[in-house]
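Chain residues, written in single-letter form:
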Amino acid sequence: MTRHSRKRSNLREYFFYFLVLSIIVIVFTGSFYFYFSLKTLEETSIRNREESLLLMQNTFENLISQIDNSITLSSSYFQQYKTYYDQGKYTMLLQLHEELNAISRIKYVHNISIYYRDWGYTVSSDLGIASLEYYPDALFLRSLNNADFRYRKMLFRSRLLRNGENITVLTMIRSIPVYYSTEFPDAWVVIDIDLSSLNGLMEEIFHVTDSFFSIQNGQGIPLVSIGNSSMWNSAGKILDYGGVNLSAEISPTGFERMEYEGYLILRTRSPEWEWSFVYIEPYTSLGKDWFGRFFVSAVGVTAIVFFVSLLGSFFFSRRVFNPIKAIFEKTNIVKANNQKLKETDLILQKIDELIHYNNRPEQKKINLEKNEAGLPYPVPIENEIYRAFRDGDWDKFEAAAASFYDYYIEKQTGLEKVQGAYLRLLCASGVFFSGNFALKNNDEGPDYRQIFTFSSIAGINDWMLDWFSRAFNYLYAYKRTQSRLLKDICRYIDTHLGDDITAKGLWRQFNYHPSALHKLFREELHLTLKGYVNSRRIEQARELLLNTNLKVQDIAAQVGYLHTQSFIAFFRQTVHCTPAEYRRQAGGL
C-alpha cells in the first residue's frame, strides 16, 4: 500500500470514529436538550416579555418626561400676578392668560391652573381667574397646602369638571417659585394630562393584540391600557387595589411574576412615581414555537459536530494536532504576557500624569483657593502614594498611606471631611482599578459609596488599603516574575564578564528567547543588553585599575577583550582617557 493511500485510509478511519462519536453525542445531548428545552424556552419567552414590559415602561416615562419638559412657564411673571391684578395692568394679565391657553392647546394637556395660596384665587385655562371656592377642583388644590414635596410631583387622580363629571388625569404639580425658603411656595401649578390621548399614543407605538398592557395608579386601577381588555377581566382581577391575592415570584430582573388560570402576569413598579406597569398574556402563546426552535438548534448542533468530526479526522490523520496545539498555547502565553505588560505600562503612565497634574502651578493655586476656609488637602502625600505605586514599592506605599491617615488624625478632622478626602483619593486612583482588574477579581472595582458607610477613619483607611493591595498585587505579579529573572541574568553576566556574552548564549543558559531578552532589558533597565554588558565591564575595569597592579592587557582579558587595543579604544571612548592615564589620575588624587 502506498503512502498516499495509507493517508486516505487513515483519514476515512478517523472520520468514521469521529462520526460515530458525533452520533453518540447528538443522541445524548439531544435527549438532555429535549428534557430541558421546554423549561428553558419558557424562561426565555418570559424574559422577552419582561424586556417588552421594560421597553413600554421606559417609553411611557420618557413620553411623560418630554411632555413635562415641553411645558414652560414665565414663573417670575406669574408670581407677580396678584400685583399686576391690583395695579390694573390688564395687558400683562391678558398675556399671562394667553400663555396658559397656549399650553392647554398642546395635544396631551387637558387643563392648566395656578393656585395662589395666600390670595385664595386660581388662574386657569378653562375658567380664567376665579376664587378658589368657585373652582370645581378646589378640594384637590386645598390638599396641596399639606404637600410633602418641594417642587415637582406626578400622580394619577380623578379631576372634577364644571358640569360635575369626573375624569381621570395624570397631574403634574410644580411650585412657584422653584426655590423657596418658606414651608410652602407662593403658588402651585397644576397641569392635567389627558390619559385618553396617551392611551391612543401607546397603541400607535406598541401593536399589542394577543396580550394586555396597562398602567395602574397606587390603588391598582388601570388608567392607560392597550391590547386585549378581556384578559384584564379574566386575569387582572387578582390585582386587588394594589395588593395581590396570591404569592408573586420575583424574577432575576426584579419583575413580579404571577400565574393565574393559565395567564402569565408580570408587574413592575416605577421607582420614582406612584404607579406600576402590568403585562398579561396566556401561557399557551409562550411555548407554541418551541418545536421549531428545537429543530433549528438540533440541525445546528449536528452541522457543528459533523464539521468538528471532519476537522478532527484531518488533524489526527496527519499527526499535526499536537504540534499545532503546542504552538497555539505558546502563542497565547506570549500574547497574554505582552498584553499584561502593555496594560501595566499604561497604568504607570497614567500615574505619572496624575503626579504631573498635581504639581502644575495653576492646579496648586486652585487647591489653595479651595482650602482657604478649611483644612488643605495633602497633595504631597497623595503624590507619594502615586510614586510608591509607580515604583512598585509596597513598603513605601504603606508609609505614605499611614501619613495620609495620620494627617487627618492629628488635625482631629470631622468624619465628613475625611470621607471627602478619601473619596477624592479613590476617584483619582481609578487608574489602578482599570483594565482587566475587575474581570480578574470578579468585581466591578471599589464602590465609592462604601466610604460613607464607615463610622470611623480607621475603617475607611483599612477598606482603602485592602483595595490598593489587590490592585498592587495584580499590577506587579507578572513584573515581579520578570524582575527575578532579570536579577538572575544580571548576576550571571557580572560573574562571566570575561566570557563572550551574547543573547543567544543567554538563551541557551536561561531558555529565554533573544527578542524577549532584549525587550526585558529595555523595559526594566532602559538599556540594551550590549549597553548593560559594556557598563559592567567598564565598572570592573576601573575597579581593577584602582585596586590592583595588574597590567592593562590582563585587565582587558578579565573583562572580556581579547585584544588590548580594542579595550583601550573602548575605555577612551567611555571614560575619555586611556586606562594608564586613568590609573595615574586616580593615584594622584
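Bear in mind the structure is a predicted one, so any value in this text is a computation, not a measurement.

A. Looking closely at the confidence of the model for the chain. Mean pLDDT for the chain: 76, with 72% of residues reaching 70 or above. Here residues 329–334 is a poorly scored stretch, pLDDT under 50, and it has 0 contacts once near neighbours within four places are set aside; other chains count. Between residues 369–373, whose pLDDT stays under 50, and residues either more than four places distant or in other chains, the model counts 2 contacts.

B. Up close: the packing of helix H18 (residues 529–547) against helix H20 (residues 564–575). Their axes nearest at 11 Å, the elements H18 and H20 cross at an angle of 100°. Put simply, H18 runs roughly perpendicular to H20. Each of Asn-534, Ile-538, Ala-541, Arg-542 and Leu-545 in H18 lies in contact with H20, whose residues at this interface are Phe-567, Phe-570, Phe-571, Thr-574 and Val-575. Broken down by class, the residue content of the contact of H18 with H20 amounts to 7 nonpolar, 2 polar and 1 charged.

C. Region of the structure containing the sheet that holds strand S3 (residues 128–131). The strand order across the open sheet built from 6 strands is S3-S2-S1-S6-S5-S4, with neighbouring strands paired in antiparallel fashion. Bordering the open sheet on either side are S3 and strand S4 (153–160), each of which pairs with just one other strand. Each strand of the sheet is rotated relative to its neighbour by a mean of 30°, with strand direction disregarded. Strand direction decides the pairing type here: strand S1 (residues 109–116) and strand S6 (residues 187–194), joined by 7 bridges, are antiparallel. Its bridge partner lying in S6, Val-109 is registered against Ile-193. Against the sheet, helix H4 (residues 90–104) touches S1, strand S2 (121–124) and S3, its axis set at about 145° to S1.

D. Geometry of helix H6 (residues 195–205). Buried residues of H6: Leu-195, Leu-198, Asn-199, Leu-201 and Met-202, and no others. Buried residues of H6, viewed axially, fall in a sector of 165°; they line one side. Those residues of H6 that are exposed and angled more than 90 degrees off the buried face are Ser-196 and Glu-204.

Thresholds applied
- Every chain's residues receive numbers from 1 upward, in the order its sequence appears when written.
- The model is predicted, so local features are restricted to residues of pLDDT at least 70 and side-chain atom pairs to those at 80 or more, both for listing and for counting; the totals for chains, interfaces and linings are taken over all residues.
- Heavy atoms from the whole structure form the basis of all side-chain values; hydrogens and water molecules are not counted.
- Along the chain, pLDDT gives the predictor's confidence residue by residue, from 0 to 100.
- Contact criterion: two residues are considered in contact whenever any of their non-hydrogen atoms come within 4.5 Å of each other.
- Under this scheme, a helix contributes an axis fitted over its contacting stretch, all axes are lines through C-alpha atoms, and angles between N-to-C directions fall in the 0 to 180 degree range.
- Put simply, DSSP marks the helices as runs of H or I at least four residues long and the strands as runs of E at least two long, and each gets a number from the N terminus on.
- The cut-offs work like this: below 35 degrees is roughly parallel, past 145 is roughly antiparallel, 65 to 115 is roughly perpendicular, and the gaps in between are oblique.
- Three classes are used, and their members are as follows: Ala, Val, Leu, Ile, Met, Phe, Trp, Tyr, Cys and Pro are nonpolar, Asp, Glu, Lys and Arg are charged, and the others, Gly among them, are polar.
- The pairing criterion is simple: DSSP has to find at least two bridges between the two strands.
- The rule is simple: take the accessible area with a 1.4 Å probe, protein chains only, and divide by the maximum for that residue type; under 20% is buried, over 50% is exposed, in between is partly exposed.
- The arc under discussion is defined with respect to the helix axis, by the directions toward the C-beta atoms.

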